[in-house]
Amino acid sequence: MAPDTSLPYIETPRCSTCNECTLVNPRMFKYNDNKQAYIKDITAGTYRQMVEAAEACQVAIIHPGKPRNPKEPGLEELLERAQPFL
């Protein structure tokens with residue numbers, strides 16, 4: 001079954017431990033015991049940070065989903081930038 005693309009997720013088993021997402025927001029993104037990234041706390045960051053992490057990910061495994069805050073500044077641009085990662 002395909003993941004719900006409205007929710008953010010990371011394809012954790014494919015993570016190459018590049019640190020790009022943790023550099024964007026180390027509270028939102030963490031590593032598991034295998035040194036592979038996962039979303040620890042989606043509320044610890046913004047949709048902008050989720051999109052920036054997706055853009056920076058070297059193996060394109062971060063999927064930002066839909067924004068949680070409909071009033072986040074620059075949302076139209078962010079939704080456009082997020083499109084390739086949904």
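In this report, we go over the structure that sits alongside the text. (Residues numbered from 1 in each chain as written. Predicted model: local features only at pLDDT ≥ 70, side-chain atom pairs only at ≥ 80, totals over all residues. Heavy atoms only, no water.)

This part is about the pattern of salt bridges. The final tally for this structure, using the stated rule, is three salt bridges. A salt bridge links Arg 81 to Glu 55; the nearest nitrogen and oxygen atoms lie 2.7 Å apart. Here Arg 81 is found in helix H3 (residues 75–82), whereas its partner Glu 55 is found in helix H2 (residues 47–56), with 26 residues between them in sequence. Of the residues examined, Arg 81 reaches a relative accessible area of 24% and is grouped as partly exposed. A salt bridge links Arg 81 to Glu 77; the shortest N-O distance between them is 3.1 Å. (Salt bridge = Lys/Arg side-chain N within 4 Å of Asp/Glu carboxyl O. Helix = DSSP H or I, 4+ residues; strand = E, 2+ residues; numbered from the N terminus. Buried < 20%, exposed > 50% of the residue type's maximum accessible area, 1.4 Å probe, protein only.)

With that out of the way, let us pick up the packing of H2 against H3. Here H2 crosses H3 at 30 degrees, and the two axes come no closer than 10 Å. Considered as vectors, H2 and H3 are oriented roughly parallel to each other. Every pair of crossing elements has a handedness; the one defined by H2 and H3 is left-handed. Residues Tyr 47, Arg 48, Val 51, Glu 52 and Glu 55 of H2 pack against Leu 75, Glu 77, Leu 78, Leu 79, Arg 81 and Ala 82 of H3. Of the residues belonging to the contact of H2 with H3, the class tally is six nonpolar, no polar and five charged. (Axes fitted to C-alpha atoms, helices over the stretch in contact; angles between N-to-C directions. Parallel < 35°, antiparallel > 145°, perpendicular 65-115°, else oblique. Left-handed = near helix turned anticlockwise from the far one by under 90°. Contact = heavy atoms within 4.5 Å. Nonpolar A, V, L, I, M, F, W, Y, C, P; charged D, E, K, R; others polar.)

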